[in-house]
Amino acid sequence: LAQTCSNAPVALYDSEHTSQALRRIRVEADLKDAIDQQLLEVFFQPQVNVSTKEVVAAEALVRWKHTELGMISPGEFIPIAEENGMIVALGEVVFIKTLKTLKTLDKLGCSVPISINIGSDHFLMHNFVSWCSEAVEREQVPVQFVKLELTESTLLNSVEEGVKVLSQLRSKGFKIALDDFGTGYSSLSYLLELPLDQLKIDKQFVDMLDKDKRSENLLSHLVGLAHELDLQVVVEGVENEAQVSFMEHADADLIQGFYYYKPLPQQEFVYLLSKPVN
Ligand code: C2E
Ligand code: MG
Ligand code: MG
Ligand code: MG
């Protein structure tokens, strides 16, 4: 009896792993085609000024609607693209689509800065800075509206190299944001070394507000610290009114969260900004 029973869970466990492995292989193979055939879309999540509640910026977020599997989340395919090197081609597609959107906004006279997420291998390409500059010139977009989002782990791969590339980008006019701040393990002293414009406080901290009173102090101090370093503060993942009022109190600069807007398709985003009052 023991033997028959013990077999069942093992088989279940295996088949789950097999289907996970098969899905990964499928996603990996199809992602390459999706990139080549321009099937990836870019959505834009508005960022709202904490005091005026106006839409003053946005983040570009890649979206993939697979013809058979439906929507696949970036949380699933970005790590795969980072592992197999496709993150560079994917990043270039998102970059160019974002520039085209910025160009449209420019023509309509309603430009706002838009952030683009940059994967580690992409950032560390030897020609990254010149590729970005050439793309901006070719698409004729005012460079000050292009913001690049990098994570701690990307920048701390090699601090010296990171500082060098960031300085070059900023001298070309690009803005720099440190994404997912607080989720890594780096020392705060790196904040002093890295040439940045903006700090994005991760959703994890915002979620803590509902659970632990002490997180209010922590967040207020994070905002204060960022301001001390002349960094603009964006708070990610704000979902309710209590969190909004806390961010007003904590003096954060921008809010990016479902409470105001989910990521929008390009046309809806352009329409939102082109309306006389948003
Ligand atoms: P991220 O850069 O930190 O982007 C913010 C994520 O938080 C987005 O998820 C956004 O939809 C989500 N978010 C914003 N506000 C809320 C909220 O109030 N509640 C909740 N539950 N979520 C919120 P998304 O689009 O699924 O992207 C996940 C991650 O995938 C991104 O995190 C980023 O690391 C990566 N990613 C997305 N697009 C790109 C891209 O074009 N290139 C690269 N390299 N990475 C990307
Ligand atoms: Mg981001
Ligand atoms: Mg983030
Ligand atoms: Mg995140």
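Refer to the structure above for everything that follows.
All values derive from a computational prediction rather than experimental measurement.

K.L.:
Let's hear about the overall build of the protein chain: which residues, and what values?
P.N.:
Looking only at helices and strands, the protein chain has 12 helices and 10 strands in total. Compactness check: the protein chain gives a C-alpha radius of gyration of 21 Å against a globular reference of 19 Å for 278 residues, within 12% of the reference. With the principal axes as the frame, the protein chain shows a C-alpha extent of 70 × 50 × 45 Å. Across the 278 residues in the protein chain, those meeting the buried criterion constitute 45%. When contacts within the protein chain are restricted to residue pairs at least 6 apart in sequence, those whose partners lie at least 24 apart make up 68%. If you sum the accessible surface of the protein chain, you get close to 14,400 Å²; carbon and sulfur atoms cover 53% of it.

K.L.:
With reference to specific residues and values, describe the coordination of the magnesium ion (ligand 3).
P.N.:
When four donors bind a metal tetrahedrally, each ideal donor-metal-donor angle is 109.5 degrees, and when six bind octahedrally, the ideal angles are 90 or 180 degrees. Listed as protein donors to the magnesium ion (ligand 3) are Asp179 (OD), Asp180 (OD), Glu236 (OE) and Glu236 (OE); their distances from the metal cover 2.2 to 2.5 Å. Mapping the donors of the magnesium ion (ligand 3) onto the primary sequence gives the spacing D-D-x55-E. The distance between the magnesium ion (ligand 3) and the magnesium ion (ligand 2) comes to 3.9 Å, with aspartate 179 serving as a donor to both metals. Placement of aspartate 179 in strand E6 (residues 175-181) and of glutamate 236 in strand E8 (residues 232-236) is noted, with a sequence separation of 57 residues between them. Judged on exposure class, the residue aspartate 179 and its partner glutamate 236 are both buried.

K.L.:
Residue-level account of unusual backbone geometry, with values.
P.N.:
When glycine is set aside, most residues are seen to have a negative phi, and most peptide bonds are trans. A positive phi is found at aspartate 180, a non-glycine position, where the angle reads about 55°. With respect to the helices and strands, the residue aspartate 180 is situated in strand E6. Of note in this structure, aspartate 230 is not a glycine but carries a positive phi near 65°. Structurally, aspartate 230 is set in the loop between helix H10 (214-228) and E8.

K.L.:
An account of the pattern of salt bridges is needed here, citing residue identities and associated values.
P.N.:
Taken as a whole and assessed by the stated rule, the structure comprises 17 salt bridges. The partner of glutamate 76 in a salt bridge is arginine 23, and the shortest N-O contact between them spans 2.8 Å. Taken together, the residues glutamate 76 in helix H2 (residues 74-84) and arginine 23 in helix H1 (residues 2-36) connect sequence positions 53 residues apart. What makes glutamate 76 partly exposed here is its relative accessible area of 27%. In this structure, the salt-bridge partner of glutamate 239 is lysine 203, at a minimum N-O distance of 3.7 Å. Of the two residues, glutamate 239 sits in the loop between E8 and helix H11 (241-250) while lysine 203 sits in helix H9 (residues 203-209), which places them 36 residues apart along the sequence. What makes glutamate 239 partly exposed here is its relative accessible area of 41%. Beyond isolated ion pairs, a larger network of salt bridges with shared partners links Glu59, Glu149, Lys200 and Glu236.

K.L.:
So, the side chain of aspartate 30: which residues are in play, and what are the values?
P.N.:
Position of aspartate 30 among the secondary structure elements: in helix H1. Engagement of the side chain of aspartate 30 in a polar contact is seen with the side chain of histidine 66, the distance being 2.7 Å. Residues contacting aspartate 30, with those up to four places away along its chain left out, are Trp64 and His66.

K.L.:
Help me get a handle on the site of ligand 1, residues and values and all.
P.N.:
Residues in close proximity to ligand 1 total 23 residues, the closest being Arg63, Asn117, Asp179, Glu239 and Phe258. Taking glutamine 45, its side chain carries an N or O atom lying 3.2 Å from a nitrogen atom of ligand 1. Here an oxygen atom of ligand 1 sits 2.8 Å away from a polar atom, N or O, in the side chain of arginine 63. Isolated, ligand 1 exposes 800 Å² of accessible area, and the fraction of that covered by the protein chains is 80%. For the shell around ligand 1, a count of residues per class yields 9 nonpolar, 6 polar and 8 charged.

K.L.:
Can you break down the pairing of E8 residue by residue, with the values?
P.N.:
With 4 of 5 residues buried, E8 lies mostly within the body of the structure. Here 4 bridges tie strand E7 (residues 198-201) to E8, and the two strands are oriented parallel to one another. Each residue of the ladder has a partner; that of isoleucine 201, found in E8, is valine 235. What joins E8 to strand E9 (residues 254-256) is H11, and the crossover it makes is right-handed.

K.L.:
Which residues make up the packing of aromatic side chains, and what are the values?
P.N.:
In this description, a pair of aromatic rings is defined by centroid distance and the angle of the planes. This model, assessed by the stated rule, comprises 5 aromatic pairs. Aromatic pair tryptophan 64 and phenylalanine 77: ring centres 5.4 Å apart, planes at 85°, arrangement edge-to-face. In this pair, tryptophan 64 sits in strand E2 (residues 55-66) while phenylalanine 77 sits in helix H2, placing the two residues 13 residues apart along the sequence. You can call phenylalanine 77 buried: its relative accessible area is 0%. On the basis of an interplanar angle of 85° and a centroid distance of 5.0 Å, the ring pair of tyrosine 259 and tyrosine 260 is categorised as edge-to-face. Under the relative-accessibility criterion, tyrosine 260 is labelled partly exposed at 24%. Sitting over the ring of phenylalanine 258, lysine 262 keeps its end group 5.0 Å from the ring centre.

Conventions we followed
- Residues numbered from 1 in each chain as written.
- Chains lettered and ligands numbered in written order.
- Predicted model: local features only at pLDDT ≥ 70, side-chain atom pairs only at ≥ 80, totals over all residues.
- Heavy atoms only, no water.
- Helix = DSSP H or I, 4+ residues; strand = E, 2+ residues; numbered from the N terminus.
- Rg over C-alpha atoms; globule rule 2.2 N^0.38 Å.
- Buried < 20%, exposed > 50% of the residue type's maximum accessible area, 1.4 Å probe, protein only.
- Contact = heavy atoms within 4.5 Å.
- Areas by Shrake-Rupley, 256 points an atom, 1.4 Å probe, with all protein chains shown as cover.
- Donors = N, O, S within 2.8 Å, 3.2 Å for Na, K, Ca; no water.
- Salt bridge = Lys/Arg side-chain N within 4 Å of Asp/Glu carboxyl O.
- Polar contact = N/O pair within 3.5 Å; in protein donor to acceptor, adjacent residues only side chain to side chain.
- Near = heavy atom within 4 Å.
- Nonpolar A, V, L, I, M, F, W, Y, C, P; charged D, E, K, R; others polar.
- Pairing = 2+ DSSP bridges.
- Right-handed = clockwise from strand over helix to strand, strands pointing away.
- Phe/Tyr/Trp six-rings, centres within 6.5 Å; stacked < 30°, edge-to-face > 60°.
- Lys NZ or Arg CZ within 6 Å of the ring centre and 35° of its normal.

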